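# Structural overview for review
One letter stands for each residue in the lines below.
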Amino acid sequence: MKFMRAELSPEEFLHEFEQQCTRIAGSSVPVASFFSALTSDAKSKQHPMMTEAIKCIRTEGLKTAVLSNNFYLPSGESFLPLDRKQFDVIIESCREGICKPDPRLYKVCLERLGVPAKECVFLDDIGQNLKTAAQLGIKTVKVDDPDSAIRELEACLGFPLQCVVPYTCPVRPTMEIPQEPLQKYLESLWGGPAAGPLLLRQFNHGQSNPTYYVRFGDRHLVLRKKPPGKLLPSAHAVEREYRVLKALADAGIPVPKVISLCEDSSILGTPFYLMEYCTGRIFKDPSLPGLEPSQRQEIYAAMNRVLCQIHSVDIKAAGLEDYGRQDCYLQRQVQIWSKQFRATETHPIPAMERLMQWLPSHLPASQRLSVVHGDFRLDNLVFHPDRPEVVSVLDWELSTLGDPLSDVAYNCLVHHLPSHSSILKGLSDCDLSLLGIPSPEEYVLLYCDQMGLAPIENWNFYMAFSFFRVAAILQGVYKRSLTGQASSATAERSGRQAELMAELSWDFATKEGFRVFKGLPVPRPPGTQAGPSPSPRRSYATGPHSSLAPAAKSHLVISPEGLPGHVQELYRKLERFMNGHVYPAEQTLRDHQAAQSRWTPHPLMEELKDRAKAEGLWNLFIPAESDPDTKYGAGLTNAEYAHLCELMGTSLYAPEIFNCSAPDTGNMEVLIRYGTEAQKERWLQPLLEAKIRSCFAMTEPQVASSDATNIEASITEGRGTYVLNGRKWWISGSLDPRCQLCIFMGKTDPTAPRHKQQSMLLVPMDTPGITVTRPLTVYGLDDAPAGHGEITFENVCVPQENILLGPGRGFEIAQGRLGPGRIHHCMRLIGYAERALSLMKERVTSRRAFGKPLAEQGTIRAAIAESRVEIEQARLLVLKAAHLMDVVGNKEAALEIAMIKVVAPNMALRVIDRAIQAFGAAGLSNDYPLAQFFAWARSLRLADGPDEVHRAAIAKMELER
C-alpha cells in the first residue's frame, strides 16, 4: 500500500518485500525480477477476446470502467497496460489511495459512471473482489477463463460479444425496418434462405439516408434507404446513388459494388438499394491519431488523388450526361439550399439571411464541369487495411454534375473547424506541420498540380458556399430530428451547429469581399464632412462593413459587434438594463453601504434582481463547455461572456443583480463540474435562483496562503462524518445574512503527496462550531452586506456525503475553480477601467483650471491617451485568454490567464488613479464609484494569488517553451 501511494521508492519497496517474503518462506527469496515479471508482455498484454468484447459493449452504447490495483512507475506514470480509450471511467488504486476489495473504491467508480449498482456487471478473477461488488448490489462474473466469462456475460447482456461490426450500433428506435419482408426479399434475390439468422445493425454516422449493415448467411451487405415520413423534394434520392455507383464502378473509380435497387416502397416503407460491404480503415478523426507524420501525409495525398480521379471521369463515356444540368451549377445550388433552408427554418439565423443575398451576386464568372461527389470528406472513404490507398468512396447522395472546386472546398472544411466540434472533428487548433498534414493551401495546390489548373483566385467564395451548404443541411437534419426522421445519433446537436456554420461562411464571404475590394481602382477621396459621431459608444470596427460581419466562434471576437446574433441581442439588452436601472440605482446602494442598516440587503437590490431574471439576464457566466445543454445558464462561451462581463464590470453592483458575482459564480461552477446530483439539488439550485448566497473558505491568517498547499485547517474522519477545525479569513460574502453555504478547504491526509492532501467539503453556515470572529475591511471599506469575515471552525461536523469528488481532490478542484474565476475578475476590471475613463472624460470637459478647460491641459490629455492605450492592450489579452479557454481548454490557456491576472489589476489601478486625480478630492468620496473601484482593483492583485505567484508561473512556462 505504501508503494502504491508512492510513499516508497521501487528500491525501498523491493527491500521490504524481500524481507517479508524471506520471513514467510523461512529462506532467502530473490525479488529483483519482480517488476520485470509483473510488467512483462505475457503478464500485461490485454486478451484479444476481451478487447473485442469491450468494442461490442461500447458499440451497444453501454459504459465501461476498469478498477485496477496498480502502482506508480519510476517515471511518475501509473502502471496500467491498457488502452485507456476503451473505458469511460478508470479507477486506479495508486491515484485513489485505496484498492480492491475496499468498497469505497467501487462506490467511487459507480459515482463517476453515474450508474446505480444494480445496473452494473463486475468481472474479476479474485473471489474477495467479487464478494464486495455483490454486497453493493452489483451483478458479478467470475473470470476463470476468458471463454466461459464471455459466454456468461453474453447471457447477462443479451447480445453477442464477438464479431463486432465497426462503426455500427443497434438500430435506433425511429429507424427500425421490418425484418421479415427484408428476409423474403433477400431470399428471392439469392434463390433461397441462408444459414443462420439475419443480422441487422445501423451505421452510427451519416446525417441523411439511414444506412444499415446486413449479414445474410455468409454475405455481408450494406443497405441504404430513404428516411421515413414526408421528405423535401429531390432529397434522399437513393435511386440516383445506385445509378452513379454503377456508372463509376465501370469507369474505374473505387466505389462499392451495387447489387440491387428496390423502388417498391411496400417492402421496407421506402425505396432502398443493396451493395457489398467494404472492409478497411475509416478515419473519423482528420488528425489521424496513432499514425506517423509520413503516414498522415500519404493518407491525405491518397484522398487528393481519388478526388482528382472522380473529377477526371469522362461524363459521356460513363453514360452520365443527363445526371444533372450542365450549366449554372453554383447558381442552382445556392437557390436549392436557400429553398431547403427556408423549408426547414426553425429560428432566424442572421448570417444565413446575409448569405442568401450575397452569394447570388458573387458567383464565379466561369465554372468547370465534372461529376461532383457533394459530400467528399475523409470519413466517407474506406482505406486499404495496410496501404495508403482508397478502396471505396461512400455516400453519393448529393452527387451530380457541377463545379469540381465545390468538392475541393468542401474537402477543406475540416481545416477551419476545431477538433472538439460535435458534428465534424476539425483541424483548426492542430499543429499541421507537426502532424504531417497539409495545410488547406498546400492541399489545394496539390489538387491544382494534379489537375493542371492555375491557382484559384476566388477560393474564399467556394469556402463560403461550402459552409453555407453545410449550414442548410444541418438545419434540415435538426428539423427532421424534431419529428424523429433523422438517421444520425447526433442530429439534435446540429441545430446549434447550423448557426456556427453560417457564421463561418459569412467570415469567408467577408474575406472574398475584401479581396475584390482591394482589387478595385482607388478613387480620389471626396471632401469629408465634419460633424459629431452619431453614437458616443466605442467601436472596434477595423475595416469596411466589419460591423456587418460577426466573427466566427472559432475566431477571436474583439468587439460586441462581432458576436453571434443572439449574443449581440443579449449584449444590447444588458446595455439597456445597465443604463435604465443599474447606473441610476448606484448612489442609493452606495449610501446604503455607509448606513447603520448596511448589513441587511437593500430592497432595491432584490427588486433589480427580480427584474433582471424576468428579462432573461440571469446566470450568464456559466460557460457552454460546463453546460452544453444550457440547463443552468445562457450557453455562452468564455469569449462571448467576456464582452458582457466587461459591461457588468462598469458597476460594482451589476454582477450581483444578474447573479454573476463572486464567490457565488465560482461555487456554482464547482457544483456543476464536481457536485453529485444530491449536492446540486441541495445547493446549486437555490444558488442559481439567488435564494441563497455562499462563500469559499481557503485563506488562513497563520500561513502564506498564496501557496494553497500551506493551509493547515484539518478535516478528520469520524463515524459517518468529517470533523473540521481551523481558522480562516478574508471569507468574502460570509457576513451576508443570505449566506447559507461555505465551501471549506482543509487537509484530510497531511502525509499524502503535497497536492493530494487537501479536500473540499460543503458546509452549511448554521452548523454548530462556526464562529464569525470579526469583519475585515479593505481600505476602510467593509463591503456590507456581503463583507469579508474571519471565521473559526471548531469541531464542525458535516456528513461524509458533503465531500466534493473525494478525499485528496481539493487542490484539483481549486485549480478548476480558479481558471474561470480569474478570467471573470479580469473581464470586470476592464469594465472598471472603461467606466473610470468615461467619468474622467466627462469631468475634464466640464471643469476649468488656469483659464481653460481641463481637457485642454497637456497632462490630462496624456493621461487620457495612456489610459486608452492600456485598456485596449489589456482587453485584447483578456479576450485572447477567454478565446483560448474555449478552443484549447483552461489548462492550455494557463499562460494567458496568469498574464492577464498581472496585467488587468495593474492597468485598472493606473487608469482609476488618473481618473481620481482628475476629479480631485471628489474622486476619493462616496459620490462616485472611483474609490471603491480602486480598492477592489488593488485587492485583486492578491485575491486569486499575488502578482509574484503569477509572474513566477509565467516565467516558468516561458522558460519551458
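Note that this is a predicted model, so its numbers are computed, not measured.

Our focus in this paragraph is the overall build of the protein. In terms of helices and strands, the protein carries 30 helices and 23 strands. The dimensions of the protein, computed from C-alpha atoms along their principal axes, are 105 × 95 × 50 Å. Across the 961 residues in the protein, those meeting the buried criterion constitute 53%. The long-range fraction of contacts in the protein, counting pairs at least 24 apart against all pairs at least 6 apart in sequence, stands at 70%. For the protein, the accessible area works out to roughly 44,100 Å², and carbon and sulfur atoms hold 54% of it. Charged side chains in the protein number 104 positive and 110 negative. The centres of these two groups are separated by 3 Å.

Where helix 28 (residues 894–919) contacts helix 29 (residues 930–939), the axes come no closer than 9 Å and their chain directions differ by 155 degrees. In terms of axis orientation, helix 28 runs roughly antiparallel to helix 29. Crossing of helix 28 over helix 29 shows left-handed handedness. In this structure, helix 28 contributes Pro905, Ala908, Leu909, Ile912, Asp913, Ala915, Ile916 and Phe919 to the contact, and helix 29 contributes Leu930, Phe933, Phe934, Ala937 and Arg938. Within the contact of helix 28 with helix 29, the residues separate by chemical class into 11 nonpolar, no polar and two charged.

The next subject is the nonpolar core. By size, the foremost hydrophobic cluster in this structure holds 100 residues, and its most contacted members are Tyr641, Ile657, Phe658, Ile912 and Leu930. For this core, the leading source of residues is helix 26 (residues 810–846), giving 15 residues.

Let us look at empty space enclosed by the protein. Under the criterion given, the structure shown has six cavities of 30 Å³ or more. Roughly 90 Å³ of internal volume is contained in the largest cavity. Every residue lining the largest cavity is counted, 13 residues in all, and those nearest its centre are Pro286, Arg377, Leu378, Asp379 and Val414. Of the residues contributing to the lining of the largest cavity, the split by class is seven nonpolar, one polar and five charged.

The next thing to look at is the packing of aromatic side chains. Counted under the stated rule, the structure contains 26 aromatic pairs. Summarising the aromatic geometry, the rings of Phe13 and Phe17 are spaced 5.3 Å apart at their centres and angled 15 degrees between planes, so their arrangement reads as stacked. Linking Phe13 with Phe17, this pair stays in helix 1 (residues 10–25), spanning four residues, or about one helical turn. Geometrically, the ring pair formed by Phe203 and Tyr277 is tilted, given 6.4 Å between the ring centres and 35 degrees between the ring planes. Of this pair, Phe203 sits in strand 6 (residues 199–203) while Tyr277 sits in the loop between strand 10 (272–276) and helix 12 (293–311), and the two are 74 residues apart along the sequence. Three or more aromatic residues joined by ring pairs form one cluster here, namely Phe3, Phe13, Phe17, Phe34, Phe35, Phe71 and Phe79. Sitting over the face of the ring of Phe508, Lys511 holds its NZ or CZ atom 4.6 Å from the ring centroid. Its guanidinium or amino end placed over the ring of Trp683, Arg682 lies 3.7 Å from that ring's centre, counting from NZ or CZ.

Here we take up the environment of Lys2. By the secondary structure assignment, Lys2 is in the segment before helix 1. In the structure, Lys2 is positioned 460 residues away from Tyr462 in sequence and 62 Å away in space, judged by C-alpha atoms.

With that settled, consider the pairing of strand 19 (residues 758–764). Within strand 19, seven of the seven residues are buried, which leaves it mostly tucked inside the rest of the structure. Where burial is concerned, the two faces of strand 19 agree: the one with Gln758, Met760, Leu762 and Pro764 and the one with Ser759, Leu761 and Val763 are both buried. Both strand 18 (residues 739–747) and strand 19 contribute to a ladder of seven bridges, which runs antiparallel. If you follow Met745 over to strand 19, its bridge partner there is Met760.

Right, let's talk about helix 27 (residues 858–887) for a bit. The terminal C-alpha atoms of helix 27 lie 44 Å apart, and with 30 residues this matches the ideal 44 Å at 1.5 Å per residue to within 8%. In the stretch just after helix 27, Gly889 is the one whose phi turns positive, near 100 degrees.

All right, on to the sheet that holds strand 9 (residues 258–262) then. With antiparallel pairing, the six strands of this open sheet are ordered in space as 5-6-7-8-10-9. Because the sheet does not close on itself, it has two edges, and the strands there are strand 5 (168–169) and strand 9. When strand 9 meets strand 10, the two strands line up antiparallel, connected through four bridges. Across the sheet, the residue bridging to Cys262 is Phe272, located in strand 10. The strands that helix 9 (residues 179–190) touches are strand 6, strand 7 (211–216), strand 8 (219–225), strand 9 and strand 10; relative to strand 9, the one it contacts most, it runs at about 125 degrees. Against the sheet, helix 10 (residues 238–250) touches strand 8, strand 9 and strand 10, its axis set at about 155 degrees to strand 9.

For the rest of this paragraph, the subject is the packing of helix 12 against helix 15 (residues 404–411). The geometry of helix 12 relative to helix 15 is characterised by a closest axis approach of 10 Å and an angle of 160 degrees between their N-to-C directions. What the angle tells us is that helix 12 and helix 15 run roughly antiparallel. Crossing handedness for the pair helix 12 and helix 15: right-handed. Across from Met303, Leu307 and His311 in helix 12, the residues of helix 15 making contact are Pro404, Asp407, Val408 and Asn411. In terms of residue class, the contact of helix 12 with helix 15 is made up of four nonpolar, two polar and one charged.

Another aspect to go through is the environment of Val66. Locating Val66 in the fold gives a position in strand 1 (residues 65–68). The spacing of Val66 and Glu92 is 26 residues in sequence and 8.2 Å in space, taken between C-alpha atoms.

About the criteria used
Residues numbered from 1 in each chain as written. Predicted model: local features only at pLDDT ≥ 70, side-chain atom pairs only at ≥ 80, totals over all residues. Heavy atoms only, no water. Helix = DSSP H or I, 4+ residues; strand = E, 2+ residues; numbered from the N terminus. Buried < 20%, exposed > 50% of the residue type's maximum accessible area, 1.4 Å probe, protein only. Contact = heavy atoms within 4.5 Å. Areas by Shrake-Rupley, 256 points an atom, 1.4 Å probe, with all protein chains shown as cover. Lys, Arg positive; Asp, Glu negative; His and termini not counted. Charge placed at Lys NZ, Arg CZ, Asp CG, Glu CD. Axes fitted to C-alpha atoms, helices over the stretch in contact; angles between N-to-C directions. Parallel < 35°, antiparallel > 145°, perpendicular 65-115°, else oblique. Left-handed = near helix turned anticlockwise from the far one by under 90°. Nonpolar A, V, L, I, M, F, W, Y, C, P; charged D, E, K, R; others polar. Core = buried A, V, L, I, M, F, W, Y, C linked by side-chain atoms within 4.5 Å. 1 Å grid on protein atoms, 1.4 Å probe; cavity = no way out; pocket = protein on both sides within 12 Å on 5 of 7 lines; lining within 4 Å. Points joined across faces, edges and corners; volume = space filled by probe spheres on them. Phe/Tyr/Trp six-rings, centres within 6.5 Å; stacked < 30°, edge-to-face > 60°. Lys NZ or Arg CZ within 6 Å of the ring centre and 35° of its normal. Pairing = 2+ DSSP bridges. Expected span 1.5 Å × (residues − 1).

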